[in-house]
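Fold and geometry: a report
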Amino acid sequence: MNNTKATMLGIQHLLAMYAGAILVPLIIGGALGFSSAQMTYLVAIDIFMCGVATLFQVWKGKVIGIGLPVVLGCTFTAVSPIIAIGSGGGLGDVYGAIIASGLIIVLIGGLFGKLIKFFPPVVTGSVVTIIGISLIPVAINNMAGGQGAADFASGSNVALAFITLLIILVIYRFTVGFVRAIAILLGMVSGTVIGIFMGKVDFTPVAEASWLHIMQPFYLATPTFNASAILTMTLVAMVSLVESTGVYYALSDITKKDLTSKDLSKGYRAEGLASIIGGIFNAFPYTTFSQNVGLIQMSGVRDRKVIFITGGMLVALGFLPKLAALTTIIPTPVLGAAMLAMFGMVITQGVRMLAPEIAKSMENAMVAALGVGLGIGVATVPGIFENLPSWMSILTSNGIVAGSVTAIFLNVLFNMVGTKRVDPMHVGEAN
């Protein structure tokens, strides 16, 4: 393949993942009250680390790298936990938990194939569903202009949010292929242009941002290590690894390359290492982006050279804060509309994972019911367990952890311990 064609295909992959890549820092920075300068850094370092994480994974080394044409970005499953940890314990706890969880993943990378039995679809589907539902209030608040905004829920904010959502839907409905794959990105650009005419875009952050900067370790916060935060991020990382495993096998099938347990271990370690470096530079944990798998299937180009180019471009873009600042001027209602679409897709992904499992047995239905129910319950009413002993707070202070631990425990109780019972709903089906 010539370099020109490979570069064009690399740009296509970059555009396909760009909306998802920039949304994560914009959501987290907005929720934690970052200044425009901090937000610009956060977007820039996230884009940079997406490239670093991608290069780690595409390169097939002796210890890290699965060697498949996979693009990595910050996982949406980490958004809600990071906001919760940052709001409660501060940014130090966030980055300490990201670094520690990444180190844990590197250390258990070779063993995760055995641990994965504790994360069947009924468990991971429950966790993904909890995360998706817990993020919806963030999207709705932003559609109204952002919690605490002087013009919160104003007619102009709501109108701009729904115009943006309508544009996304029209593009998604009436286009195919690559254009459809970047419907959310195109919707955000269109909404921002409309926002300019409505007086909702301030170009000051772009004007103030420098053209070039060098990444700094611990720029936003020095890591502190909180046990509850570390457990939360480790559970999130394990769920992400389960999702990544599915992407690895999908790409294995597309590229006609068989995967060994050693390959999987190297893939897991690459994600863990990316999270460690991400925490040091105050970025995020990283995982495989499934939208790029669809692009590979659609284009039919499986050459890793294309993804190396994509990773290189992401790294280069990370050094350009002026470009990163452009993303921070997106009006909050526009951002909220994009969030609603993307977070809604997270929920549907969780439901899609759960549906066949619930149909298998009433035990699985109970696992999902109580896992999701308790997880959302704790997220909605965080004070419910505040009078329990302090040592239990590591399991009860966060809805993601409470729901995950509940689902894991119930799955072990119902599906892994003792004699398998016959589900009365399915008696006679085999006959």
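Residues take numbers from 1 onward in each chain, read along the sequence in its written order. Restriction of local features to residues with pLDDT of at least 70 applies here, the model being predicted, together with a cutoff of 80 or more for giving and counting side-chain atom pairs; totals for whole chains, interfaces and linings are based on all residues. Excluding hydrogens and water, the side-chain values take into account all heavy atoms of the structure.

An unreviewed UniProt entry lists the chain under the name Xanthine/uracil permease, with Solibacillus silvestris given as the organism. Per its UniProt entry, the chain bears the Subcellular location (unreviewed entry) comment "Cell membrane". According to the UniProt record, the Sequence similarities (unreviewed entry) comment for the chain reads "Belongs to the nucleobase:cation symporter-2 (NCS2) (TC 2.A.40) family." UniProt positions are given in the numbering used here, feature names are shortened, and annotations may be inferred rather than shown by experiment.

Nonpolar core, defined: a set of buried Ala, Val, Leu, Ile, Met, Phe, Trp, Tyr and Cys residues in which side-chain atoms within 4.5 Å join the residues together. Using a 1.4 Å probe on the protein chains alone, a residue whose accessible area is under 20% of its type maximum counts as buried, one over 50% counts as exposed, and one in between counts as partly exposed. One finds Leu23, Phe76, Met188 and Tyr286 to be the most contacted residues of the largest nonpolar core, which totals 120 residues. Pairs of residues are marked as contacts when any of their non-hydrogen atoms sit within 4.5 Å. Setting aside residues no more than four positions away along its own chain, tyrosine 286 makes contact with Ile45, Asp46, Met49, Cys50, Ala53, Leu72, Gly73, Cys74, Glu271, Ala274 and Ser275. With five residues, the next largest nonpolar core counts Val201, Val206, Ala209 and Ile329 among its residues.

To continue, consider a nonpolar patch on the surface. Residues with no salt bridge and a relative accessible area higher than 30% make up the patches, which join like charges within 9 Å and nonpolar side chains (Val, Leu, Ile, Met, Phe, Trp, Tyr) within 5 Å. Note that accessible areas follow from Shrake-Rupley with a 1.4 Å probe, and for residues the cover is restricted to the protein chains shown. Salt bridge, as used here: a side-chain nitrogen of Lys or Arg that lies within 4 Å of a carboxyl oxygen of Asp or Glu. Taken together, the side chains of Val189, Val193, Ile196, Phe197, Phe203 and Leu326 present a nonpolar region at the surface, about 600 Å² in accessible area. Numbering of helices and strands starts at the N terminus; helices are DSSP runs of H or I of at least 4 residues and strands are runs of E of at least 2. The greatest single-element share of the nonpolar patch, amounting to four residues, is contributed by helix 9 (residues 183–197). By secondary structure assignment, the location of valine 193 is in helix 9.

Here the focus is the confidence of the model for the chain. Think of pLDDT as the predictor's per-residue confidence, scored from 0 to 100. Put simply, the chain has an average pLDDT of 85, and 94% of its residues get 70 or more. Ranking the elements of the chain by mean pLDDT puts helix 13 (residues 290–299) last with 67 and helix 4 (residues 91–108) first with 95. In the model, residues 427–431 has pLDDT below 50 throughout and makes one contact with residues more than four positions away in sequence or in other chains.

With that out of the way, let us pick up empty space enclosed by the protein. Both cavities and pockets are sets of points on a 1 Å grid over the protein atoms alone; in a cavity a 1.4 Å probe fits but cannot get out, in a pocket the set is open with protein on both sides within 12 Å along at least five of seven lines, and lining residues sit with an atom within 4 Å of a point. Grid points are joined across faces, edges and corners, and a volume is the space filled by probe spheres set on the points. Scanning all chains against the criterion turns up one cavity of 30 Å³ or more. Roughly 100 Å³ of internal volume is contained in the largest cavity. Together, 13 residues line the largest cavity, and Ala237, Glu271, Ser275, Pro285 and Tyr286 are the ones closest to its centre. Only helix 4, helix 11 (227–255), helix 12 (261–280) and strand 2 (286–288) provide two or more residues apiece to the lining of the largest cavity. Taken together, the residues that form the lining of the largest cavity break down as five nonpolar, seven polar and one charged. Three residue categories are used. Nonpolar comprises Ala, Val, Leu, Ile, Met, Phe, Trp, Tyr, Cys and Pro, charged comprises Asp, Glu, Lys and Arg, and polar comprises the others, including Gly.

The next thing to look at is the packing of aromatic side chains. Aromatic pairing here means that ring centres of Phe, Tyr or Trp (its six-membered ring) are within 6.5 Å. Orientation follows from the plane angle: under 30 degrees is stacked, over 60 is edge-to-face, and everything else is tilted. A complete count under the given rule lists five aromatic pairs for this structure. Measuring from centroid to centroid gives 6.3 Å for phenylalanine 112 and phenylalanine 119, while their planes differ by 35 degrees, and the two rings are tilted. Just as phenylalanine 112 is buried, phenylalanine 119 falls in that class too. An aromatic cluster of at least three residues, connected via ring pairs, comprises Phe112, Phe119, Tyr248 and Tyr268. Sitting over a ring, as applied to charges here, requires NZ of Lys or CZ of Arg to be within 6 Å of the ring centre and within 35 degrees of the ring normal. A cation over an aromatic ring shows up here: arginine 173 above the ring of phenylalanine 174, its NZ or CZ 5.0 Å from the ring centre. Looking at arginine 180, its charged tip hangs above the ring of tyrosine 172, at a distance of 4.0 Å from the centre.

In the structure shown here, the tally under the stated rule is three salt bridges. One salt bridge connects aspartate 263 with lysine 60, and the closest N-O pair in it is separated by 3.6 Å. Remark: lysine 60 occurs in the loop between helix 2 (36–58) and strand 1 (72–74) and aspartate 263 occurs in helix 12; sequence separation between them is 203 residues. What makes aspartate 263 buried here is its relative accessible area of 7%. A residue is classified by how much of its surface remains accessible, and lysine 60, at 38% relative accessible area, is partly exposed. Among the salt bridges present, the one from lysine 200 reaches aspartate 151, with a minimum N-O distance of 3.6 Å. Here lysine 200 is found in the loop between helix 9 and helix 10 (204–208), whereas its partner aspartate 151 is found in the loop between helix 6 (121–143) and helix 7 (155–174), with 49 residues between them in sequence.

We now examine the layout of surface pockets. Roughly 1,200 Å³ of internal volume is contained in the second largest pocket. Around the second largest pocket, the lining comprises 50 residues; the ones closest to its centre are Ile27, Ala31, Ile83, Ser87 and Val138. In terms of residue count, helix 3 (residues 79–89) provides more of the lining of the second largest pocket than any other element does, eight residues in total. Per-class residue counts for the lining of the second largest pocket are 25 nonpolar, 22 polar and three charged.

Before going further, it helps to spend a moment on helix 14 (residues 304–317). An α-helical turn contains 3.6 residues, so any two residues separated by three or four positions project in the same direction. With 14 residues, helix 14 ought to run about 20 Å at 1.5 Å a step, and its terminal C-alpha atoms sit 20 Å apart, in line with that. What helix 14 keeps buried is the set Val306, Ile307, Thr310, Gly311, Leu314, Val315 and Leu317. In this structure, the buried residues of helix 14 make contact with helix 1 (3–31), helix 2 and helix 15 (321–328). Think of a polar contact as two N or O atoms within 3.5 Å of one another; within protein, one of them needs to be a possible hydrogen donor and the other a possible acceptor, and neighboring residues in sequence only count if both atoms come from side chains. Capping of helix 14 at its N-terminal end is provided by aspartate 303; its side-chain oxygen lies 2.9 Å from the backbone amide nitrogen of lysine 305. For a helix, the expected span equals 1.5 Å multiplied by the residue count minus one.

Attention now goes to the packing of helix 2 against helix 14. Between helix 2 and helix 14, the shortest axis-to-axis distance is 7 Å and the interhelical angle comes to 155 degrees. Relative to helix 14, the element helix 2 lies roughly antiparallel. The crossing of helix 2 and helix 14 is left-handed. Contacts between helix 2 and helix 14 involve Ile47, Phe48, Cys50, Gly51, Val52, Thr54, Leu55 and Val58 from the first element and Arg304, Ile307, Phe308, Gly311, Gly312, Leu314, Val315 and Leu317 from the second. Within the contact of helix 2 with helix 14, the residues separate by chemical class into 11 nonpolar, four polar and one charged. Every axis in this analysis is a line fitted to C-alpha atoms, fitted for helices over the stretch in contact. Angles between the N-to-C directions lie between 0 and 180 degrees. Should an angle fall under 35 degrees it is taken as roughly parallel, and over 145 as roughly antiparallel, whereas 65 to 115 is taken as roughly perpendicular and any remaining angle as oblique. Whether a crossing is left-handed or right-handed is set by the direction in which the near helix is turned from the far one by less than a right angle, anticlockwise for left-handed and clockwise for right-handed.

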